[in-house]
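# Notes for the structure review
Residue strings, one per chain:
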Amino acid sequence: MKLRWYINRLRSMEPAEILHRAGEVGRRTISRHVKNGWQHYRADKLLPVFADLKQRVAGASLEQREAVRDAAERALSGNFAALGVSWPQCNSSLLYPDDLWRLDPVTGGAWPGADTYTFDIDYRHGSGRGDIKYVWEIGRLQQLPVLAAHAVLSGDLRAIAAIEAAVESWHRANPPFRGVGWASGIEVALRAISLMITHDLVYERMSAECRDRIGEILAASAYWLPRFPSKFSSANNHLVAELAGEYLIGLSLGRPTEDARGQLAAEALKQILPDGSGAEQSPTYAAFTAEFILSCMLAARQHGQSFGQAVEDRLSAFADFVEWLPERAGFGDDDEGRVVTLGEEADYAASVASAIRGFLGQPGRVSEKGDFRSLFFGRPTAAIGSHHGLRIFQDGGISVWRGDMGGSRAELTFDHGPLGYLSIAAHGHADALSLTLSLDGNPVLVDPGTWLYGSGGIWRNWFRSTPAHNTLNIAGENQSVMSGAFNWSHKATARLIETASEPDWSVTAEHDGYRRRFGVIHRRTVRRSGEAILVTDRLIGGAYNAEIVFQLAPDLAVDVSGTTASVARDGRELLAIRFPRGVISVRSGGEKPGEGGWVAPRFGVRVPAPRIVWRGRVGGDGAETILEPARELATAR
């Protein structure tokens, strides 16, 4: 397995990347023995990065104060939860024991610590210790800004004591560059940002020893980040995080920042596309990237610097993209990465979009009243209404229609974009030409989600497979061919063919993922006809027995009569799906991938959900599926 992974990664690399990786191996070898103690990292004085942050926090609304207080009290009582899992509760007298930073809360096992060089730890290949994401999550120290904000708002000295205990414990348990906490640059950057925010909020209340510890962690991070950058096929959101860390740490340590700022501005224009969609084909990863950039823009503004109008325009375009999407819309990977957070969020992308509008002084969709992020960046100058009509985001390859469907407020998405970003498309899913549909804000036809990364195994593959998504597949095969948990050896290319405007709008797109193996192109047309949505699938170049899949939300029920599947929620009929002649099956759950339907509403959580599968012959003349609202169904009867 490990050898195969290396072979597949090498196949994804160009010669320049292979040379870069060889140099990286050399740097890792040298760094095993060089500057490996805290004595090498000193910061004479930490400068404010977010100069007016304390003033912003002090102006929190009642709802924000309550949200901060509640989150801080959870931390002070020894509770930590993330990624769908709760850690074992710590005693309030010892909130941060040294072994906490390497504990896997799912398996109960421990990852290597201070006795192991960070690059000797294999976290990719089924170590049996669990998913590395969990250990990294608590090591981001993102509970510390919450405690600091609580201290500013309430004067609670317990919060200061908890911050000092956490910093001291992490510093003691994770010397440079030992243990899993140093293994990934994105983790180094996020932890540094948490510490800088915390320092800016309560530095005058910290002990000199705590400030020194933070300075040492930041100085070590400043050495580490540019030494092992994510480049070439890995230059996705990880590179944005690393550059953001470099830039902000540079401000804190009083070091030059021009190079990091210039590189980060260039990445912003690469990873957020001109139409505002994300290059990684995931709204939440695009939001993660945007939040890093926005954090740096906030700091730059307070230091008389700028990332330029082009970057501001790109962030504004991203906010527009999110405002068109249905609430909690998702496709591609989502590991719930955040830059600042109180914990679980209902709609992360919408919160970041609202923060962008607030920072840029624009109207937009207003976030929840207790939104923590708006303390940093502000709120939109005015609330906007919901968008209506058809909007095509050509750069990202996503079409969105918002309108009336049988008296319900409908939101439909149609994915005709690329698999993902760069040569490995790490966070993309094989979901070309898939649909989602919400009615009155409630999901009906859904994207299955992510589930797990490193410990996901065959289920990781299922949740990013073609048969798991609302599109057509041939013989249960994927459009694109997987070659690892974050890699693809062959990628389907999708393209938009034609569109027609409202009222009877239509969008036609195709992909070539089945051409090499089956000699056909899959073409799908989605169009409005009266109150119904018509979906026509064609295989250009031949005819095959195929499946057309509709994955439903977990709280829905399905009744099949003939060629019609009636979808209901709480006994109320919502939608009729009328298939052409063929065989229809519906199943939830299952012991193995593909037996039935599963939905992962968040990372680390999966629940059974009805999955409708139509099986029949599809060729150039097409197979038409009709989505009708319940009112149309009642009339037909």
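Below or above, wherever it landed, is the structure these notes cover. (Residues numbered from 1 in each chain as written. Predicted model: local features only at pLDDT ≥ 70, side-chain atom pairs only at ≥ 80, totals over all residues. Heavy atoms only, no water.)

## Remarks on the sheet that holds strand E4 (residues 398–405)
We apply this condition: Only strands joined by at least two bridges in the DSSP assignment are considered to pair. Put simply, DSSP H or I for four residues or longer makes a helix, DSSP E for two residues or longer makes a strand, and each gets a number counted from the N terminus. The axes used here are C-alpha line fits, helices contributing only the stretch in contact, and every angle between their N-to-C directions lies in the interval 0 to 180 degrees.
Read from one edge to the other, the open sheet built from five strands follows the order E3-E4-E5-E6-E7, with strand pairing classed as antiparallel. Both outer strands of the open sheet, strand E3 (389–393) and strand E7 (442–445), are each paired with one neighbouring strand and no more. Averaged over all pairs of adjacent strands, the angle between their axes in this sheet comes to 20°, without regard to strand direction. Here E4 pairs with strand E5 (residues 408–415) via eight bridges, running antiparallel. By the bridge assignment, Asp 404 is partnered in E5 with Arg 409.

## Quick notes on the sheet that holds strand E22 (residues 611–618)
Across the sheet, four strands lie side by side as E8-E15-E22-E19; this open sheet has antiparallel pairing. Strands at the two margins of the open sheet, each flanked by one partner only, are strand E8 (472–474) and strand E19 (583–587). Neighbour-to-neighbour, the strand axes of this sheet turn through a mean angle of 25°, independent of strand direction. Two strands pair when backbone bridges link them, and E8 and strand E15 (residues 544–551) are joined in this way by three bridges, in the antiparallel orientation. Following the sheet pairing, Leu 472 is matched in E15 by Ile 548.

## Some thoughts on the pattern of salt bridges
For clarity, the threshold we go by: Any Lys or Arg side-chain nitrogen found within 4 Å of a carboxyl oxygen on Asp or Glu counts as a salt bridge. Working definition: with a 1.4 Å probe on protein chains only, accessible area under 20% of the residue-type maximum means buried, over 50% means exposed, and in between means partly exposed.
Within the structure shown, the criterion is met by 40 salt bridges. We note a salt bridge from Arg 205 to Glu 204, for which the minimum N-O separation is 3.6 Å. A relative accessible area of 41% places Glu 204 in the partly exposed class. A salt bridge links Glu 345 to Arg 338; the nearest nitrogen and oxygen atoms lie 3.2 Å apart.

## Focus on the environment of Val 444
In plain terms, the rule: Here, residues are in contact when the closest pair of their heavy atoms is within 4.5 Å.
By the secondary structure assignment, Val 444 is in strand E7. Not counting chain neighbours up to four residues away, the residues in contact with Val 444 comprise Leu 437, Ser 438, Leu 439, Gln 551, Leu 552, Ala 553, Leu 556, Val 567, Leu 574 and Leu 575.

## Things to note about the packing of helix H8 (residues 185–202) against helix H10 (residues 237–253)
To characterise two packed helices, one gives the angle between the axes of the helices and the distance between these axes. For clarity, the cut-off: Crossing handedness is read from the near helix: turned anticlockwise from the far helix by less than a right angle, it gives a left-handed crossing, and turned clockwise, a right-handed one. Three categories are distinguished: nonpolar for Ala, Val, Leu, Ile, Met, Phe, Trp, Tyr, Cys and Pro, charged for Asp, Glu, Lys and Arg, and polar for the others, with Gly belonging to the last.
Interhelical geometry of H8 versus H10 gives an angle of 35° and a closest axis separation of 8 Å. H10 is crossed by H8, and the crossing has left-handed handedness. Counting all contacts with H8, which are made through Gly 185, Ile 186, Ala 189, Ala 192, Ile 193 and Met 196, the residues of H10 involved are Asn 237, His 238, Ala 241, Glu 242, Gly 245, Leu 248, Ile 249 and Ser 252. Here the contact of H8 with H10 is composed, by residue class, of eight nonpolar, five polar and one charged.

## As for the side chain of Asp 275
Put simply, the test is: A positive count includes Lys and Arg, and a negative count includes Asp and Glu. His and the chain ends are not counted in either. As used in this structure description, the phrase polar contact means that two N or O atoms lie within 3.5 Å; if the pair is within protein, one of them must be able to donate a hydrogen and the other to accept it, and residues adjacent in sequence are counted only when both atoms belong to side chains.
Within the secondary structure, Asp 275 is located in the loop between helix H11 (258–271) and helix H12 (283–302). For the buried Asp 275, which has no salt bridge, the nearest side chain bearing the opposite charge is Arg 391, at an N-O separation of 7.1 Å. One polar contact links the side chain of Asp 275 to the main-chain amide nitrogen of Gln 394, over a distance of 3.3 Å. With residues near it in sequence (within four places) discarded, Asp 275 still touches Ala 317, Phe 321, Phe 393, Gln 394, Asp 395 and Gly 396.

## Description of the packing of aromatic side chains
Quick reminder of the rule: Ring pairs shown here join Phe, Tyr and Trp side chains whose ring centres sit within 6.5 Å, with only the six-membered ring taken for Trp; geometry is labelled stacked below 30 degrees between planes, edge-to-face above 60, and tilted in between.
Considering all chains together, one arrives at 29 aromatic pairs under this definition. Centre to centre, the rings of Tyr 117 and Phe 119 are 5.7 Å apart; their planes meet at 85°, and the pair counts as edge-to-face. Taking the relative accessible area as the measure of exposure, Tyr 117 reaches 2% and is therefore buried. The interplanar angle of 80° and the centroid separation of 5.3 Å between the aromatic rings of Phe 372 and Phe 376 together place this pair among those described as edge-to-face.

## Points about the nonpolar core
Across soluble globular proteins, nonpolar side chains show a tendency to be buried alongside one another. Our working definition: Remark: nonpolar core denotes a set of buried residues (Ala, Val, Leu, Ile, Met, Phe, Trp, Tyr, Cys) joined through side-chain atoms within 4.5 Å.
Counting residues in each nonpolar core, the largest one holds 133 residues, and the members touching the most others are Leu 147, Leu 248 and Phe 318. Non-local contacts of Phe 318, meaning those with residues more than four positions away in its chain, are made with Ile 272, Gly 276, Pro 283, Ala 286, Ala 287, Ala 290, Val 352 and Ile 356. By size, the runner-up hydrophobic cluster in this structure holds 46 residues, among which are Trp 401, Ala 494, Ala 553 and Ile 577.

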